[in-house]
Every structure is written in structure tokens, then in C-alpha cells.
Amino acid sequence: MTERQPSGPVRVMVVDDHPMWRAGVARDLTEAGHLVVATTGEGRQAVRVAAAARPDVVVLDLQLPDVSGVDVIQGLRAALPQVRVLMLSASGEQQSVLDAVKAGATGYLVKSAAPSEFLDAVRRTAAGEPVFTPGLAGLVLGEYRRLAADPPPDGPDGPAGAPDAGAAPRLTDRETEVLRLVAKGMSYKQIAQRLGLSHRTVQNHVQNTLGKLQLHNRVELTRYAIERGLDD
């Protein structure tokens, strides 16, 4: 399955239980040319509203009054499998970050991020790039390496539904090269500069690789690459 690229303004839903903060984030997004399709301060309501509003990106706080942000991510991904979630939280604690990413968040920013950094993160999240506050990307990659070193929980073939390493689809040399750089945590822009390609060409290679491997986003792709030692 390839990643869906939004056309035109990014459709964004903001979920945060602080009204002033929520309004400020929505205002910044609107002024930047994005379309804020919904805002809410409750997790359960967010899942219900998202099904109708169909955002490209959900900007989500980790701490909500009714359910945890992790529960909301899981509910959003069940209702809208292609939605991308950008966590915007006051907490930068290791376990909070890892729990969010494992639940399906595409990126994680702390609320001390500059407005320009946040708006860039929304654009990159909409394009399927994992985006993290500086220092957190290394934490996530380190956890993937740790998981890759452990025996898979469902036996030698890995979890049910995961691509079979012994029968993995054949990637082109260029797709493998791009995949190796993805596993190192590089952005599309950095990969394009390294390989002398356009940003769009790198996106196309990533999308083709996702489709061949039956993965859904770059977070899953990064773990796939690390499990196969492509980050060395």
C-alpha cells in the first residue's frame, strides 16, 4: 500500500484539552494556509469526529481528560487507517514517545517547539515523514534496534501479517539505497541531497517500496530496514 499524498492545503484536526492552546494552534495552521477541519478537547470525541472530518493529519496532545493519547491513536488508526498523527505534547519522556510511536504516531514534538518547527512538522507528517523533536529520533531508532535484536514474539517468521524476510519482494538498487538512508533517520530532503535526486523522486521511491513490502508508513519502513541490518 502506498502513502497517500494530500493535494492542496493539508486537512488538520487539533485535539487538545486546553482551549487557548487549541485555538492558538488552529490559528497558526490557518494562517499558514492549512485547513483546520475540526478541533476538540476530548479523545473519544476526536475519534468520532475524525471519521466524518477525514483529516490528513491529527495534531494530538498526549494527556487528555477522558482517555490517553495512545488510546486515541489506536482509535483513529482503526477508523481512518491512512490518517497521520503528530503528537504535540508537554512530555518528552522516553516511554511517552515510544508508546505513541508504537501505537502508530508518525511524529512527536514537544510543545516548546517553535511555531515554524511545528508548521514544518505538519507538512512533513502529511507527506508521511516521521518527524521528531531533536534528540527523540535517536531514541526511537535505538528502540527499533533493540526490538530487532530480540526474538520475534510470534516465532521465527515474526508477527502475523509481517512481510516474510525469506520471500521479501525484490527492490531495485535505488530503492534499497533509499531504504538504507531512511533507516539512518534521514529526511526526504537529506536523502535527495545525498543522492542527487529531487524531493519528489525520493518520495516516489519510498512509496514504491512501501507498496512492495505491504507497509503503511515510514515508521514501519524504518523498523523493517533496521531488522534487516540496513542501518549499518
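Overview of the structure. (Residues numbered from 1 in each chain as written. Predicted model: local features only at pLDDT ≥ 70, side-chain atom pairs only at ≥ 80, totals over all residues. Heavy atoms only, no water.)

Time to look at the nonpolar core. Ranked by internal contacts, the top residues of the largest apolar core, which has 26 residues, are Leu-60, Ile-73 and Met-87. Those elements that provide at least two residues to this core are β1 (11-15), α2 (43-53), β3 (57-60), α3 (69-79), β4 (84-89) and α4 (94-103). Excluding residues that lie within four positions of it along the chain, Leu-60 makes contacts with Val-15, Gly-69, Val-72, Ile-73, Val-85, Leu-86, Met-87 and Leu-88. Grouped together as the second largest cluster of nonpolar side chains are 20 residues, Val-178, Ala-183, Met-186 and Leu-230 included. (Core = buried A, V, L, I, M, F, W, Y, C linked by side-chain atoms within 4.5 Å. Buried < 20%, exposed > 50% of the residue type's maximum accessible area, 1.4 Å probe, protein only. Helix = DSSP H or I, 4+ residues; strand = E, 2+ residues; numbered from the N terminus. Contact = heavy atoms within 4.5 Å.)

To continue, consider the packing of α3 against α4. Geometrically, a packed helix pair is captured by the angle between its two axes and the distance between the axes. At a closest axis distance of 9 Å, the pairing of α3 and α4 adopts a crossing angle of 10 degrees. Taken together, the axes of α3 and α4 are roughly parallel relative to one another. Contact residues: α3 offers Val-70, Ile-73, Gln-74 and Arg-77, while α4 offers Asp-99, Ala-100 and Ala-103. A per-class count over the contact of α3 with α4 returns four nonpolar, one polar and two charged. (Axes fitted to C-alpha atoms, helices over the stretch in contact; angles between N-to-C directions. Parallel < 35°, antiparallel > 145°, perpendicular 65-115°, else oblique. Nonpolar A, V, L, I, M, F, W, Y, C, P; charged D, E, K, R; others polar.)

Our focus in this paragraph is the pattern of salt bridges. Scanning the entire structure with this criterion turns up seven salt bridges. Linking Asp-61 and Lys-111 is a salt bridge whose minimum nitrogen-to-oxygen distance equals 3.5 Å. Here the residue Asp-61 occupies a position in the loop between β3 and α3, and Lys-111 occupies one in the loop between β5 (107-110) and α5 (115-126), the gap between them amounting to 50 residues. The residues Asp-61 and Lys-111 share a single accessibility class, namely buried. The salt bridge partner of Arg-174 is Glu-177, with a shortest N-O separation of 2.9 Å. Pair noted here: Arg-174 and Glu-177 are both in helix α7 (residues 173-183), with a separation of three residues, about one helical turn. A relative accessible area of 35% means that Glu-177 is categorised as partly exposed. (Salt bridge = Lys/Arg side-chain N within 4 Å of Asp/Glu carboxyl O.)

Nothing here speaks to function; it is all geometry.
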